[in-house]
Amino acid sequence: MSINNIDRKRLKVQEFNAKSSKKGLYLLLPQIGKAVSLSNMQLPDISIPSNPDLMEMMIEYQRGVLGCSGDRRCWFWENGFDEWQPFASPQSNHFLGKMVLLDGKPLLIGGCDSGDVKCSILAKVEVYEEGDKQWHYKTALPQPTRGFAAIVIDNGTKVIVAGGMVPSGSTNIVRSFQALSNIWTSLDPLPSLICCQIGSLVTLPDAREGFLIVGGFADGLISDKAFFMDLTTMSWERLAAFDTTGNNIYDGDMFYLEGQLFVIPSYQGGIRIEATRIFSRQMTDSNTQWIAHDMSAKFDLGKITKISMVVEEYPIDWIST
């Protein structure tokens, strides 16, 4: 199925916490030109416009997807069209940083000045303004940081950044930022120094909403441990029931949608050993465990994970302009 000839279906990017019961969970993989089903792994892949450049960061933006590499290159795919269009370049590199949608605007946070392991870590923060179609600097992180986890809360108005790597090493620092005030605020620190962890906003089986992180580098080792920040108390706790026991993972993505949680690591079992498995879990039952899915026959997780995105299948009567 090509994007130019979708007779019965269209693709629309969905927020991870949307409530529709008809949703399908896919990974959008433009580097290899396809979307891969997660919620039903027996479904065939769907063709999408390809982009050979590795986009480390992707978000839903307006009626499409905005993707950026770490080296100041960005592209935009408007739903229903057959190609990625060049997008305004940020002012700084953001390798190993994060991009989120804050107050409806793309925000780039931290990262590195290059893709090298010994890169200089940055504190720069940029927001894209549709008015002049340019990126503008906001208040920088109080400390240069890369390899952190981030979530957006409070109806898209606040971002929380947790852990990561600072010039002196791994950190347990947690901060929040609101674009309206343009101020970074310190929060309850993580229980452990940790970087390169995988995290998302989730709802636990006990109905608590919060920031779940798993894996990463903790105490100098690749971790299988889980931590959780309860958004009611804004405090962290060890969450041993969500450890990926025996599966030490780091770097990658986590997606939560309608009671399903997917962890998609880039690396597993050792430094730069590319992962071959995705981990899923039902979040409506406290007795469930992680299920491992071997994806080696579908795509290379270590090279592809960074360009993943959640999408939804829509019928042909979804109209794109």
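Our structure's up above, just so we're on the same page.
Residues numbered from 1 in each chain as written. Predicted model: local features only at pLDDT ≥ 70, side-chain atom pairs only at ≥ 80, totals over all residues. Heavy atoms only, no water.

J.: How do you make sense of the overall build of the protein when you look at a structure like this?
T.: Along the protein, the regular secondary structure elements total one helix and 30 strands. In the protein, which comprises 321 residues, the proportion classed as buried is 53%. Pairs at least 24 residues apart make up 49% of the contacts formed inside the protein by residues separated by at least 6 positions. For the protein, the exposed surface amounts to about 14000 Å²; the carbon and sulfur share of it is 49%. (Helix = DSSP H or I, 4+ residues; strand = E, 2+ residues; numbered from the N terminus. Buried < 20%, exposed > 50% of the residue type's maximum accessible area, 1.4 Å probe, protein only. Contact = heavy atoms within 4.5 Å. Areas by Shrake-Rupley, 256 points an atom, 1.4 Å probe, with all protein chains shown as cover.)

J.: Quick question: what am I supposed to make of empty space enclosed by the protein here?
T.: What the rule picks out here adds up to two cavities of 30 Å³ or more. L141, Q143, T145, V161, G163, V166, T171, I173, V174 and R175 are the residues that line the largest cavity. Within the lining of the largest cavity, the residues separate by chemical class into five nonpolar, four polar and one charged. (1 Å grid on protein atoms, 1.4 Å probe; cavity = no way out; pocket = protein on both sides within 12 Å on 5 of 7 lines; lining within 4 Å. Points joined across faces, edges and corners; volume = space filled by probe spheres on them. Nonpolar A, V, L, I, M, F, W, Y, C, P; charged D, E, K, R; others polar.)

J.: Mind showing me how you'd approach the packing of aromatic side chains here?
T.: Think of a pair of aromatic rings as described by two things: how far the centres are apart, and how the planes are tilted against each other in angle. Within this structure, the stated rule accounts for 12 aromatic pairs. Geometrically, the ring pair formed by Y61 and F76 is edge-to-face, given 6.2 Å between the ring centres and 80° between the ring planes. Taken as a pair, Y61 in strand β5 (residues 57-61) and F76 in strand β7 (residues 74-78) lie far apart in primary sequence, 15 residues in all. Neither Y61 nor F76 differs from the other in exposure class; each is buried. Ring geometry for Y61 and F87: centres 6.3 Å apart, planes at 90°, overall edge-to-face. With a gap of 26 residues between them, Y61 in strand β5 and F87 in strand β8 (residues 85-87) connect regions that are remote in the sequence. Neither Y61 nor F87 differs from the other in exposure class; each is buried. Each residue in the set Y61, F76, F87, Y128 and W135 is aromatic and connected to the rest through ring pairs, giving one cluster. The ring of F148 carries the charged tip of K98 above its face, separated from the ring centre by 5.8 Å. A cation over an aromatic ring shows up here: R281 above the ring of F242, its NZ or CZ 3.8 Å from the ring centre. (Phe/Tyr/Trp six-rings, centres within 6.5 Å; stacked < 30°, edge-to-face > 60°. Lys NZ or Arg CZ within 6 Å of the ring centre and 35° of its normal.)

J.: Just checking my understanding: could you explain the environment of W236 for this structure?
T.: By the element assignment, W236 lies in strand β25 (residues 235-238). Placed 49 residues apart in sequence, W236 and L187 show a C-alpha to C-alpha distance of 10.0 Å.

J.: What's the story with the nonpolar core in this structure? I'm lost.
T.: Taken as a class, soluble globular proteins show a tendency for nonpolar side chains to be buried jointly. Ranked by size, the top nonpolar core spans 17 residues in total, and within it V202, L212, V214, F242, M254, L261 and V263 carry the most contacts. Elements that contribute at least two residues to this core include exactly β20 (198-203), β21 (209-214), β24 (226-230), β26 (249-257) and β27 (260-268). If one sorts the elements of this core by residue count, β26 sits on top with three residues. The residues touching M254, leaving out its near neighbours within four places in the chain, are I198, G199, S200, V202, L212, V214, L261, F262 and V263. Within the second largest apolar cluster, 15 residues are counted, among which are V127, L141, V161 and W184. (Core = buried A, V, L, I, M, F, W, Y, C linked by side-chain atoms within 4.5 Å.)

J.: Explain the sheet that holds strand β29 (residues 291-294) to me, please; I cannot follow it from the model alone.
T.: Paired through their backbone hydrogen bonds, the strands of a sheet run either parallel or antiparallel. If you walk across this open sheet you meet the four strands as β26-β27-β28-β29, and the pairing is antiparallel. Every other strand in the sheet has two partners, leaving β26 and β29 as the edge strands with one partner each. Put simply, the sheet's adjacent strands are angled 25° from each other on average, direction ignored. (Pairing = 2+ DSSP bridges. Axes fitted to C-alpha atoms, helices over the stretch in contact; angles between N-to-C directions.)

J.: Help me out: how do you make sense of the side chain of D230 in this one?
T.: Relative to the helices and strands, D230 resides in strand β24. Apart from the residues lying within four places of it in its own chain, the contact partners of D230 are R208, E209 and S235.

J.: Which parts of the structure should I look at to understand the sheet that holds strand β6 (residues 64-68)?
T.: Pairing is antiparallel in the open sheet, where four strands are placed in the order β5-β6-β7-β8. Two strands close off the open sheet at either side, each with one partner strand: β5 and β8. Direction aside, the axes of adjacent strands within the sheet are offset by 30° on average. Bridge count for β5 against β6 is five bridges, and the pairing is antiparallel. What sits directly across from I59, in β6, is L66.

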